[in-house]
Amino acid sequence: ENTEINKQDAPSEVQEVDSVLKSLNINTSTSSVEWKGVMVGIYSHNGFVSIKEGNLVWQGNTITGGFITIDMETMTQSDSLYKTEENKLVAHLESPDFFNVANFPVATFEITSSDLNSNKVYGNLTVREITYEEVVENVVFDGEKNSASGTLKFDRQKYGVAYKGSKKDMLVGDEVVMKISLKSY
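Quick look at the structure, then. (Residues numbered from 1 in each chain as written. Predicted model: local features only at pLDDT ≥ 70, side-chain atom pairs only at ≥ 80, totals over all residues. Heavy atoms only, no water.)

**Focus: the packing of aromatic side chains**
Turning to step 1, where the next piece is worked out: For the structure on display, the rule yields 4 aromatic pairs.
Turning to step 2, where the next piece is worked out: Here the aromatic rings of Phe154 and Tyr159 are separated by 5.5 Å at their centres, their planes lie at 85°, and the arrangement is edge-to-face. Assigned by exposure class, Phe154 and Tyr159 land together as buried.
Turning to step 3, where the next piece is worked out: Taken together through their ring pairs, the aromatic side chains of Tyr132, Phe154 and Tyr159 make up a single cluster.
Turning to step 4, where the next piece is worked out: In this arrangement the basic side chain of Lys158 is found over the ring face of Tyr132, its NZ or CZ atom lying 4.8 Å from the centre. (Phe/Tyr/Trp six-rings, centres within 6.5 Å; stacked < 30°, edge-to-face > 60°. Buried < 20%, exposed > 50% of the residue type's maximum accessible area, 1.4 Å probe, protein only. Lys NZ or Arg CZ within 6 Å of the ring centre and 35° of its normal.)

**Some points on the side chain of Arg128**
Turning to step 1, where the next piece is worked out: Topologically, Arg128 is positioned in the loop between strand E6 (120–127) and strand E7 (130–142).
Turning to step 2, where the next piece is worked out: In this structure, Arg128 is buried with no salt-bridge partner, the nearest side chain bearing the opposite charge being Asp97 at 7.9 Å.
Turning to step 3, where the next piece is worked out: Among the polar contacts listed, one links the side chain of Arg128 to the backbone oxygen of Pro96, at a separation of 3.4 Å.
Turning to step 4, where the next piece is worked out: A distance of 3.5 Å separates a polar side-chain atom of Arg128 from the backbone oxygen of Gly160.
Turning to step 5, where the next piece is worked out: Sequence-distant contacts of Arg128, that is, excluding residues within four places in its chain, are made with Pro96, Phe98, Phe99, Asn100, Phe104, Tyr159, Gly160 and Val161. (Helix = DSSP H or I, 4+ residues; strand = E, 2+ residues; numbered from the N terminus. Lys, Arg positive; Asp, Glu negative; His and termini not counted. Salt bridge = Lys/Arg side-chain N within 4 Å of Asp/Glu carboxyl O. Polar contact = N/O pair within 3.5 Å; in protein donor to acceptor, adjacent residues only side chain to side chain. Contact = heavy atoms within 4.5 Å.)

**Observations concerning unusual backbone geometry**
Turning to step 1, where the next piece is worked out: Positive phi outside glycine occurs at Asn138, with the angle close to 50°.
Turning to step 2, where the next piece is worked out: Phi angles above zero are rare outside glycine, and Asn146 is one such case at about 55°.
Turning to step 3, where the next piece is worked out: Inspection of the secondary structure puts Asn146 in the loop between E7 and strand E8 (147–155).
Turning to step 4, where the next piece is worked out: Under the relative-accessibility criterion, Asn146 is labelled buried at 16%.

Structure, rendered in structure tokens:
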């Protein structure tokens, strides 16, 4: 008799599948991080950095954890403003003025929690070995396609990326925007 009752109390298969914790490594060749920086409202630069490694952990439709490691040495420029053969802009961004890539070759984002009702994922961003909690907004997550995307905006000043520029019209804005698109295997 007891076994019958237990069977009825057991959750349906769908719920069981939903409660399974899934963890998948990120496919670094199909995932991307696009960066954007603004120079006092008039100009903006954008480009990409590669993801070195990462994974995504979720349960049902909730992202519960994961991390990405960004390879700062892979920075590229997509816009054509001041684009030179020597890649001066990227060289400057990689220099100690900005991200000091020689000494800090990676940046990381570690997911701590998420609220997919408000399309937000929370986590710790580490740049130049300085860590703060940041929020990824406009998160779109598809558990069936193993993909997630969102936008992370951070104040570079907090991370010791303090370069200001010399001329008035060349001031560099403090906000860096990263559009993150993750696909796992």
